[in-house]
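# A structural walkthrough
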Amino acid sequence: MIVGAGAVGGTLGALLARAGAATVLVARGRHAEVLVIAGMTLRTADGTFNTPVTAASGPEHVRLTDRDVLVFATKTQQLDAALQEWVDQPVRGPDGVLGTAGERLPAMTALNGVAAEEKALRYFRRVFGICVWLPAVHLEPGEVIVRSWPVAGQFHIARWPASISTQVDADLLSGLAETWTAAGIQVRTPDDVAPWKYNKLLSNLGNAVRALAAEAADTSAVEAALRSEGENVLRHAGIEWVSFEISAAARVDGPSVRTVPGRNTGASNSTWQSLSRNTGNVETDFFNGEIVRIAHRHGITAPLNAAVARAARSTVRNGLGPSRYSAEELAQLFR
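### What to know about the packing of helix H12 (residues 284-297) against helix H13 (residues 303-317)
- Their axes nearest at 8 Å, the elements H12 and H13 cross at an angle of 155°. Viewed along their axes, H12 and H13 adopt a mutual orientation that is roughly antiparallel. As for the relative orientation of H12 and H13, their crossing is left-handed in sense. On H13, the residues that touch Thr 284, Asp 285, Asn 288, Ile 291 and Val 292 of H12 are Asn 305, Ala 306, Val 308, Ala 309, Ala 312 and Arg 313.
- Its residues assigned to classes, the contact of H12 with H13 comprises six nonpolar, three polar and two charged.

Right, dumping it as structure tokens:
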């Protein structure tokens, strides 16, 4: 059950459906309607692929069994509502209800940032964190632009927290890794996924800058400053992360961005997509804002990341789209 069939969830669901794995994509509104009628369209560098999928608009339209896995692929700011919607749904066996989803089913968090797993633990007994590398864009109902193909993405997955992992968890991940990797999502199962997720958090600190900046603007210096401040905050807090040398090496045989003909997706990260679709919210408070939170928790500040978070909130609040800031205007944020 993939809850949230956007860029990440939509790609994963369509690939699993193409591979013959029993999969349900949960979506809303026009997107859900198109999935039911026409399936999911994946636009790639190697062509366009349309895949019939099983879709539902909510838990009331599915029948959960104890063989199901819930994969949450919403944005972090949408996760609380999704968790609350699914946690108490009945899980059925041959003789009736066995318990609730929160008690019986594994919940996997295919979201950026590091807040999702702790949110999920409020509701689900078995939580698995996923570090997502999947360059894709969802802008139109029923369609995802997949910028890496045929290996669409790479996931690092482990029980959260790692200290309570069991053999049952290892067996689940082993089978899942085999199925998902064959379908086109390369799965790695490290002992602990937290250092991988903090690595990805640091790389996501530039998302808002790239989304806010005019397309021709050079944001490299600003992004480097944000990452440097983020690393200093994590060091101060005693939080470890996978080095960028190790993560780059891990991706050598993983997803590789290619041009999708006829599809100009701009900055294309999740923040840019949210601003382009005018969703009314962005994940910045769980990226740059997470660095700010950790800093405040340890009695220090993170003014650069706080400034970017403020700019993103202002852009959303005023209903503005992406690519509004020149390089000079971005630099002004830090003065």
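Still to come is the rest of the account.
### Observations regarding the side chain of Ser 148
- Checked against the element boundaries, Ser 148 lands in the loop between strand E13 (143-146) and strand E14 (153-160).
- There is a polar contact of 2.8 Å between the side chain of Ser 148 and the backbone nitrogen of Ser 256.
- Not counting the four nearest positions on each side in its chain, Ser 148 is found in contact with Pro 135, Pro 255, Ser 256 and Val 257.

### A word on the pairing of strand E15 (residues 185-188)
- Two elements, E14 and E15, share four bridges in a ladder whose sense is parallel. In the strand pairing of E15, Phe 155 is matched with Val 187.
- In this fold, E14 hands off to helix H6 (residues 167-183), which returns the chain to E15; that crossover is right-handed.

### Some thoughts on the nonpolar core
- By size, the foremost hydrophobic cluster in this structure holds 38 residues, and its most contacted members are Met 108, Phe 155, Ile 157, Trp 180 and Ile 185.
- Among the elements that line this core, the one with the most residues is helix H1 (residues 7-18), at six residues.
- For Met 108, the contacting residues outside a window of four places in its chain are Val 69, Leu 70, Val 71, Phe 72, Phe 128, Ile 130, Leu 172, Leu 173, Leu 176 and Trp 180.

### Observations concerning unusual backbone geometry
- Of note, the amide linkage connecting Trp 149 to Pro 150 takes the cis form, showing an omega dihedral of 5°.
- Checked against the element boundaries, Pro 150 lands in the loop between E13 and E14.
- The amide bond that connects Trp 160 to the next residue, Pro 161, takes the cis arrangement and shows omega of -10°.
- On the secondary structure map, Pro 161 appears in the loop between E14 and H6.
- In this structure, Asn 278 takes a positive phi of about 55° despite not being glycine.
- Here Asn 278 lies in the loop between helix H11 (270-277) and H12.

What counts, and where the lines are drawn
- Residues numbered from 1 in each chain as written.
- Predicted model: local features only at pLDDT ≥ 70, side-chain atom pairs only at ≥ 80, totals over all residues.
- Heavy atoms only, no water.
- Axes fitted to C-alpha atoms, helices over the stretch in contact; angles between N-to-C directions.
- Helix = DSSP H or I, 4+ residues; strand = E, 2+ residues; numbered from the N terminus.
- Parallel < 35°, antiparallel > 145°, perpendicular 65-115°, else oblique.
- Left-handed = near helix turned anticlockwise from the far one by under 90°.
- Contact = heavy atoms within 4.5 Å.
- Nonpolar A, V, L, I, M, F, W, Y, C, P; charged D, E, K, R; others polar.
- Polar contact = N/O pair within 3.5 Å; in protein donor to acceptor, adjacent residues only side chain to side chain.
- Pairing = 2+ DSSP bridges.
- Right-handed = clockwise from strand over helix to strand, strands pointing away.
- Core = buried A, V, L, I, M, F, W, Y, C linked by side-chain atoms within 4.5 Å.
- Buried < 20%, exposed > 50% of the residue type's maximum accessible area, 1.4 Å probe, protein only.

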